[in-house]
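This is what each chain is made of:
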Amino acid sequence: MLIPDALLHRLAAARAVAVLTGAGVSAESGVPTSRGAGGFYEGHRPEDLASPEGFRPDPVLVQRWYRHRRRLVREVAPNPAHHALVRLAALVPRFTLVTQNVDGLHERAGSPHVLRLHGALMESRCATCARSADLDAGPDDALPVRCTCGGLVRPGVVWFGEALLVDVLEAAEQAATTCDVFLSVGTSGLVYPAAALPGMARAAGAFVAEVNPEPSVLAPHLDAVLAGPAGVVLPALVAALETHRAHA
Ligand code: OAD
């Protein structure tokens, strides 16, 4: 995988690097992307289930979907893309990892201080009293899972139409607008406010590159495109940077 010289030189000189990841970074772990073929559940699109409007009329279906996703995530492992980002963080003075993913694979790979814009799949709470509650409790045929207060248990993720955690979003925007290099990895760039980050970085003077086997809608904000799977591109990027450093 050839890494563009312009990106390599900007990375080598960078004081601050920010990375935004989407579902594509977990694709090679076997986690379906949101808009790829595997994203549907029993014929439903994620955006139809991952919202208060989807949960309220059919909590059993939504709970079943999240229990299915939690079982799947327990069975998969971080892939070379996740591990490459851990290595990259050690090569730059200031590194910020922002993710739209809720699978926890960055943390399992060893990335510290991940800014999770959309929450965490493996956390769950009562939708009424907000106390922590186990979404995996009991068998599927006893759904819906309820809190001891009687409220329905929901996953600890940010649903469509819900506000992101302000402090997490502000930290992500701060990282995007103060970095020298911004990498967008494995995201279609369709969901805001995460999708605004690459444009914010570019407007603030960062060199913006995308890692994606397919072109995304972020094209107008990009200085470079690394067209390939993150599990191949990111290890190659880190290896090239380590070699560049060794010969500097
Ligand atoms: P999408 O499914 O919209 O986009 C995944 C992107 O990953 C696509 O652009 C693919 O081309 C790319 N891709 C696929 N395989 C890849 C690989 N091996 N390496 C690199 N890229 C690859 O997922 P997101 O952009 O993450 O929101 O979706 C954003 C948000 O929409 C999600 O966080 C979720 C979803 O509904 C919430 O949960 C609120």
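Please refer to the structure higher up on the page.
Residues numbered from 1 in each chain as written. Predicted model: local features only at pLDDT ≥ 70, side-chain atom pairs only at ≥ 80, totals over all residues. Heavy atoms only, no water.

### Remarks on the packing of aromatic side chains
Here's step 1: The full count for this structure, using the stated rule, is three aromatic pairs.
Here's step 2: Judged by centre distance (5.1 Å) and plane angle (45°), the rings of Phe-55 and Trp-159 are tilted. You can see Phe-55 sitting in helix H4 (residues 52-55) and its partner Trp-159 sitting in the loop between strand E5 (153-157) and helix H8 (166-178), a full 104 residues away along the chain. Accessibility assignment for this pair places Phe-55 and Trp-159 in one class, buried.
Here's step 3: When the ring of Tyr-66 is compared with that of Trp-159, the centres are 6.3 Å apart and the planes differ by 40°; the resulting orientation is tilted. Taken together, the residues span a long stretch of sequence, with Tyr-66 in helix H5 (residues 59-75) and Trp-159 in the loop between E5 and H8 at a distance of 93 residues. There is no split in this pair, since Tyr-66 and Trp-159 are both buried.
Here's step 4: Every member of this aromatic cluster is reached through a ring pair, and the members are Phe-55, Trp-65, Tyr-66 and Trp-159.
Here's step 5: Directly above the aromatic system of Trp-65 lies the positively charged group of Arg-69, at a separation of 4.6 Å from the ring centroid.
Here's step 6: Stacked on the ring of Trp-159, the Lys or Arg Arg-154 has its end atom at 3.9 Å from the ring centre. (Phe/Tyr/Trp six-rings, centres within 6.5 Å; stacked < 30°, edge-to-face > 60°. Helix = DSSP H or I, 4+ residues; strand = E, 2+ residues; numbered from the N terminus. Buried < 20%, exposed > 50% of the residue type's maximum accessible area, 1.4 Å probe, protein only. Lys NZ or Arg CZ within 6 Å of the ring centre and 35° of its normal.)

### Digging into the site of the ligand
Here's step 1: Residues in close proximity to the ligand total 21 residues, the closest being Ala-23, Arg-35, Thr-187, Ser-188 and Asn-212.
Here's step 2: One nitrogen or oxygen atom from the main chain of Ala-23 is found 2.8 Å from an oxygen atom belonging to the ligand.
Here's step 3: Within the backbone of Gly-186, a nitrogen or oxygen atom sits 3.3 Å from an oxygen atom of the ligand.
Here's step 4: For the ligand, the protein covers 87% of the area, taking 790 Å² as the surface of the free molecule.
Here's step 5: In terms of residue class, the shell around the ligand is built from eight nonpolar, 10 polar and three charged. (Near = heavy atom within 4 Å. Polar contact = N/O pair within 3.5 Å; in protein donor to acceptor, adjacent residues only side chain to side chain. Areas by Shrake-Rupley, 256 points an atom, 1.4 Å probe, with all protein chains shown as cover. Nonpolar A, V, L, I, M, F, W, Y, C, P; charged D, E, K, R; others polar.)

### Focus: the pattern of salt bridges
Here's step 1: Scanning the model with the defined rule gives 14 salt bridges in all.
Here's step 2: Linking Glu-47 and Arg-45 is a salt bridge whose minimum nitrogen-to-oxygen distance equals 3.7 Å.
Here's step 3: Judged by relative accessible area, Glu-47 falls into the partly exposed class, the value being 24%.
Here's step 4: One salt bridge in this structure joins Arg-116 and Glu-123, with 3.0 Å as the shortest N-O distance.
Here's step 5: Through salt bridges with shared partners, a single network forms among Arg-70, Arg-74, Asp-134 and Asp-136. (Salt bridge = Lys/Arg side-chain N within 4 Å of Asp/Glu carboxyl O.)

### Points about H8
Here's step 1: Taking 1.5 Å as the rise per residue, H8 with 13 residues should run 18 Å; its terminal C-alpha atoms sit 18 Å apart, in good agreement.
Here's step 2: Against the buried residues of H8 lie strand E1 (16-21), strand E2 (94-99), strand E3 (115-116), strand E6 (181-185) and helix H9 (197-203). (Expected span 1.5 Å × (residues − 1). Contact = heavy atoms within 4.5 Å.)

### Describing helix H1 (residues 5-13)
Here's step 1: The set of residues buried in H1 consists of Leu-7, Leu-8 and Leu-11. The buried residues of H1 occupy an angular sector of 100° when the element is viewed end-on, so they sit on one face. With respect to the buried face of H1, the exposed residues turned more than 90 degrees away are Asp-5 and Ala-13.
Here's step 2: As for H1, its buried residues are in contact with E1, E6, strand E7 (207-211), strand E8 (224-226) and helix H10 (230-247). (Arc of directions from axis to C-beta.)

### Let's talk about the packing of helix H6 (residues 80-89) against H10
Here's step 1: Closest axis-to-axis distance for the H6/H10 pair is 7 Å, and the angle between their directions is 25°. Classified by the angle between their axes, H6 and H10 sit roughly parallel to one another. In the packing of H6 onto H10, the handedness of the crossing is left-handed. Along its contact with H6, which presents Pro-80, Ala-81, Ala-84, Leu-85, Arg-87 and Leu-88, the element H10 presents Ala-230, Gly-231, Leu-234, Pro-235, Val-238, Ala-239, Leu-241 and Glu-242.
Here's step 2: Residue composition of the contact of H6 with H10, by class: 11 nonpolar, one polar and two charged. (Axes fitted to C-alpha atoms, helices over the stretch in contact; angles between N-to-C directions. Parallel < 35°, antiparallel > 145°, perpendicular 65-115°, else oblique. Left-handed = near helix turned anticlockwise from the far one by under 90°.)

### Re the pairing of E5
Each regular strand displays side chains that alternate between the two surfaces of the sheet.
Here's step 1: Within E5, five of the five residues are buried, leaving the element largely enclosed by the surrounding structure.
Here's step 2: By the bridge criterion, five bridges tie strand E4 (residues 119-126) to E5 in an arrangement that is antiparallel. Bridge pairing links Ala-120 to Gly-156 in E5. (Pairing = 2+ DSSP bridges.)

### Examining the nonpolar core
Here's step 1: By size, the foremost hydrophobic cluster in this structure holds 33 residues, and its most contacted members are Leu-7, Leu-183 and Leu-234.
Here's step 2: If you list the elements that add at least two residues to this core, you get H1, E1, H6, E2, E6, E7, E8 and H10.
Here's step 3: In terms of residue count, the dominant contributor to this core is H10 (eight residues).
Here's step 4: Among all residues touching Leu-183, those that are not within four sequence positions of it are Leu-7, Ala-18, Val-19, Leu-20, Leu-88, Ala-209 and Leu-237.
Here's step 5: Counting 22 residues, the second-largest nonpolar core is a separate cluster that includes Ala-18, Leu-117, Ala-172 and Phe-182. (Core = buried A, V, L, I, M, F, W, Y, C linked by side-chain atoms within 4.5 Å.)

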